[in-house]
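# Descriptive structure summary
In case you want the letters, here they are:
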Amino acid sequence: MTYRGRFAPSPTGPLHFGSLVTALGSWLCTRHAGGQWLVRVEDIDPPREVAGSAEQILSMLAACGLQADKEPLFQSRRIDAYDAAFERLRDTGNLFPCWCSRRVLEASGGIHRDGHCLVAADAQRPPAWRLRVPDIEVNFPDAQQGVQRENLRLSVGDFVIRRAEGFYSYQLACVVDDAFQGITEVVRGTDLLDSTARQIWLQRCLGLPTPRYRHLPLVLDEQGRKLSKSTRALPLDATDPLPALRRALAFLQQPLPPLAHDVENLLAAALERFSPALLSHCSGHCTD
Ligand code: GLU
């Protein structure tokens, strides 16, 4: 099977240093394995999106020399595929409509575990649709974090596949598109480690293959907090991407190549020296 990796940003702001680390980590793993690298724009949550950021992210990736092997896939154009997966799950009895409010679920810590809605159906209001989650443990080996075990019923319960407003969940869209794009290895941040068991369960319900996973540590700021749009996102400089790329290589514990004048030379030299084994020394802290 051809190795296929991907980077799947949500257009909720410009590419920051933490996302560059994920993109570069995934790109290096893929190119090292002689595989194809794809980009997917996860634009299916309009309330969270920032206008123009998909274009900004794509042009920053290009400025950083991280070229995908195909045109980017936009999730906003894939609704028919999510509709088909939704119908399949509903037809096989895996889904139930749910009108439970947060208030109703407060008693169970916000977790829905009953496999059916706890309140009366309300014809005036569209329901959310949840996946019925059985009492089983999902195990998977993570290339970075070791073997993971999660009992989905205990950790998340019956989870939402389509929100009441009609938007499909990240979990469903991600699983449908990883399969559609033929992804064999997912490299992403540890903030998504706890989505993986849900995604594997959905792959089983839909009869889709499970890729291998590697969850890289998140970049933390000086106070040990996640670098994200909500805290201190470092905007990248598209006119001078070399310093950020070198810092990302250092974060990924890779040997630093000699100073290069352009991104192509830097990436080629980084790829020559790249060692997946060194990734396991990543600690989450920047070393410079
Ligand atoms: N779109 C997600 C994010 O930006 C990442 C999805 C993934 O890599 O599976 O956090």
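Scroll up to find the structure.
Everything in this summary refers to the structure shown in the same document. (Residues numbered from 1 in each chain as written. Predicted model: local features only at pLDDT ≥ 70, side-chain atom pairs only at ≥ 80, totals over all residues. Heavy atoms only, no water.)

Scanning the protein from terminus to terminus reveals nine helices and 10 strands. What you see for the protein is a C-alpha radius of gyration of 20 Å, in line with the 19 Å of a compact globule of 288 residues. For the protein, the spread of C-alpha atoms along the principal axes amounts to about 65 × 40 × 40 Å. A buried classification covers 50% of the 288 residues belonging to the protein. For the protein, the share of sequence-separated contacts (at least 6 apart) that also reach a separation of at least 24 residues comes to 75%. (Helix = DSSP H or I, 4+ residues; strand = E, 2+ residues; numbered from the N terminus. Rg over C-alpha atoms; globule rule 2.2 N^0.38 Å. Buried < 20%, exposed > 50% of the residue type's maximum accessible area, 1.4 Å probe, protein only. Contact = heavy atoms within 4.5 Å.)

On to the site of the ligand. Residues in close proximity to the ligand include Arg6, Ala8, Pro9, Ser10, Glu42, Tyr170, Cys174, Arg188 and Leu192, which together make up its full environment. In this structure, an oxygen atom belonging to the ligand sits 2.8 Å away from a side-chain N or O atom of arginine 188. For the shell around the ligand, the residue count by class is five nonpolar, one polar and three charged. (Near = heavy atom within 4 Å. Polar contact = N/O pair within 3.5 Å; in protein donor to acceptor, adjacent residues only side chain to side chain. Nonpolar A, V, L, I, M, F, W, Y, C, P; charged D, E, K, R; others polar.)

Quick look at helix H7 (residues 193-206) now. Its 14 residues place the ends of H7 21 Å apart at the C-alpha level, agreeing with the 20 Å of an ideal helix rising 1.5 Å per residue. Listed in full, the buried residues belonging to H7 are Leu193, Ser195, Thr196, Ala197, Arg198, Gln199, Ile200, Trp201, Leu202, Gln203, Cys205 and Leu206. Downstream of H7 by one or two residues, glycine 207 has phi in the positive range, about 70°. (Expected span 1.5 Å × (residues − 1).)

Time to look at the pairing of strand S1 (residues 4-7). Two faces belong to every sheet, and in a regular strand the side chains alternate between them. The side-chain alternation of S1 yields two buried faces, one formed by Arg4 and Arg6 and the other by Gly5 and Phe7. Two elements, S1 and strand S2 (residues 36-41), share four bridges in a ladder whose sense is parallel. Counterpart to phenylalanine 7 in the pairing with S2 is valine 39. Tracing the backbone out of S1, into helix H1 (residues 17-32) and back to the parallel element S2 gives a crossover that is right-handed. (Pairing = 2+ DSSP bridges. Right-handed = clockwise from strand over helix to strand, strands pointing away.)

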